[in-house]
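# Understanding the architecture of this molecule
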Amino acid sequence: MEMRHAKGEGLWNGKAFKVIIMAAGMSRRFGGNKLLTGFHGRPLADWIFKAVEAAGCEPGDVTVVWHDPSVAVLSEVYGYNTCYNAAPEEGQSVSVRLGIEAAGAARAYLFLTADQPLLSGQTIAGMLSAFPLGKGKIMMASWRGKVGNPVIFDAEFKSELLELTGDTGGRRIIKLH
């Protein structure tokens, strides 16, 4: 099911979200850039780009943090903003920081990894619409009892996210709160 919304309206009740797609991984175990590998006839990363589009996210509110120029080219087809990560070997924290800085001010940040081809636009839209109604300031997706990403952080955690180092995403912050 594809969800489309007119500019300025949507499921998010006026909440100013920025979407950050982390697509700068080194794919060491894979042996090459897995985001460009075909999955059911399309590059792996294209599936998440399409899911974000199907969720009704405005292209100008989406930033893709990349290392391989081919990923940037693919994301630009959707009109997404791009941000180059020159040091992906330093870990996820670099992509988190670069993504927030490139995305700009927001009331909340949704982080996704680009290697989730089965994540649907409906799931993303559901998280975005439920976030303002939730009791917490951090929301994580779960599958069969295991939590993971996408993750939404309220902007109150922005400074903590910008202070992350190494190959850690927001899990440290999640554990603290």
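Numbers given to residues run from 1 along each chain, matching the order in which its sequence is written. Thresholds applied to this predicted model are a pLDDT of at least 70 for local features of residues and 80 or more for the giving and counting of side-chain atom pairs; totals over whole chains, interfaces and linings are not thresholded and use all residues. As a convention, hydrogens and water are excluded, and side-chain values are obtained from all of the structure's heavy atoms.

## Some thoughts on unusual backbone geometry
- Note the cis peptide between Asn-149 and Pro-150, where omega equals 10 degrees.
- At His-40, a position not held by glycine, the phi torsion is positive, near 50 degrees.
- With a 1.4 Å probe rolled over the protein chains alone, any residue whose accessible area is under 20% of its type maximum counts as buried; one over 50% counts as exposed, and the rest are partly exposed. Taking the relative accessible area as the measure of exposure, His-40 reaches 67% and is therefore exposed.
- With a phi angle near 50 degrees, Arg-144 is a residue other than glycine that sits in the positive phi range.
- A run of H or I in DSSP counts as a helix once it spans at least four residues, and a run of E counts as a strand once it spans at least two, with each numbered from the N terminus. By the element assignment, Arg-144 lies in the loop between strand 7 (138-143) and strand 8 (146-154).
- Exposure remark for Arg-144: the relative accessible area of 75% places this residue in the exposed category.

## Quick notes on the pairing of strand 4 (residues 62-66)
- Judged by how many residues are buried, strand 4 sits mostly within the fold: five of five residues are covered.
- The two faces of strand 4 match: Val-62, Val-64 and Trp-66 on one face and Thr-63 and Val-65 on the other face are all buried.
- Taken together, strand 4, helix 2 (residues 69-76) and strand 5 (residues 81-84) constitute a β-α-β crossover, and its handedness is right-handed. A right-handed crossover is one whose linking path, passing over the helix from the first strand to the second, runs clockwise when the strands point away from the viewer.

## Things to note about the pattern of salt bridges
- One speaks of a salt bridge when a side-chain nitrogen belonging to Lys or Arg is within 4 Å of a carboxyl oxygen belonging to Asp or Glu. Applying the stated rule across the entire model yields three salt bridges.
- Here Arg-42 makes a salt bridge to Asp-46, at a shortest N to O gap of 2.7 Å.
- A residue is classified by how much of its surface remains accessible, and Arg-42, at 26% relative accessible area, is partly exposed.
- For Asp-46, a relative accessible area of 9% translates into the label buried.
- The shortest N-O distance in the salt bridge between Glu-53 and Lys-50 comes to 2.9 Å. A residue pair is termed a helical-turn pair when its members lie 3 or 4 positions apart in one helix, as Glu-53 and Lys-50 do in helix 1 (residues 44-54) at three residues.
- Classification of Lys-50 by relative accessible area gives partly exposed; the value is 34%.

## Let's talk about the nonpolar core
- Among the buried residues, those of types Ala, Val, Leu, Ile, Met, Phe, Trp, Tyr and Cys that are joined through side-chain atoms within 4.5 Å form a nonpolar core. Residues Val-19, Ile-21, Phe-49, Val-52, Leu-112, Ile-124 and Ile-152 are the most contacted members of the largest nonpolar core, which totals 34 residues.
- Among the secondary structure elements, those contributing two or more residues to this core are strand 1 (17-23), helix 1, strand 4, helix 2, strand 6 (108-113), helix 4 (121-130) and strand 7.
- Here the element with the most residues in this core is helix 1; it accounts for six residues.
- Ignoring any residue separated from it by four or fewer positions in sequence, one finds Ile-21 in contact with Ile-48, Phe-49, Val-52, Val-62, Thr-63, Val-64, Val-65, Leu-112 and Ala-114.
- In terms of nonpolar packing, the next biggest core, distinct from the first, is built from 17 residues, Met-22, Val-151, Leu-161 and Leu-164 among them. Should any heavy atoms of two residues lie within 4.5 Å, those residues are considered in contact.

## Brief notes about the packing of helix 1 against helix 2
- Note on geometry: axes are lines fitted to C-alpha atoms, helical ones only across the stretch in contact, with angles between N-to-C directions running from 0 to 180 degrees. Interaxial distance between helix 1 and helix 2 falls to 10 Å at its minimum, and their mutual angle equals 30 degrees. With respect to their mutual orientation, helix 1 and helix 2 come out roughly parallel. For the pair helix 1 and helix 2, the crossing hand works out as right-handed. Judged by residue contacts, Ala-45, Asp-46 and Phe-49 of helix 1 engage Val-71, Leu-74 and Ser-75 from helix 2.
- Ten residues, namely Ala, Val, Leu, Ile, Met, Phe, Trp, Tyr, Cys and Pro, are considered nonpolar, four, namely Asp, Glu, Lys and Arg, are considered charged, and the remaining ones, Gly among them, are considered polar. When its residues are assigned to classes, the contact of helix 1 with helix 2 shows four nonpolar, one polar and one charged. Oblique is the label for every angle not falling under 35 degrees (roughly parallel), over 145 degrees (roughly antiparallel), or within 65 to 115 degrees (roughly perpendicular). Note: crossing handedness is left-handed where the near helix turns anticlockwise from the far helix by less than a right angle, and right-handed where it turns clockwise.

## Quick look at helix 4
- Within helix 4, the full set of buried residues consists of Gly-121, Ile-124, Ala-125, Met-127 and Leu-128. One side of helix 4 holds all its buried residues, which, seen down the axis, span an arc of 160 degrees.
- The secondary structure elements touched by the buried residues of helix 4 are strand 1, helix 1, strand 6, strand 7 and strand 8. Comment: arc refers to directions from the helix axis out to C-beta atoms.

## Overview of the sheet that holds strand 8
- Two strands make a pair as long as DSSP finds a minimum of two bridges between them. Taken together, the six strands give an open sheet; going across it, the order is 5-4-1-6-8-7, and neighbouring strands pair in mixed fashion. Looking at which strands have only one partner, the edges of the open sheet turn out to be strand 5 and strand 7. Across the sheet, the mean angle separating the axes of adjacent strands is 25 degrees when strand polarity is ignored.
- Lying over the sheet, helix 3 (residues 92-103) contacts strand 1, strand 4, strand 5 and strand 6, oriented at roughly 145 degrees with respect to strand 1.

The quantities given are spatial measurements derived from coordinates; they are silent on function.
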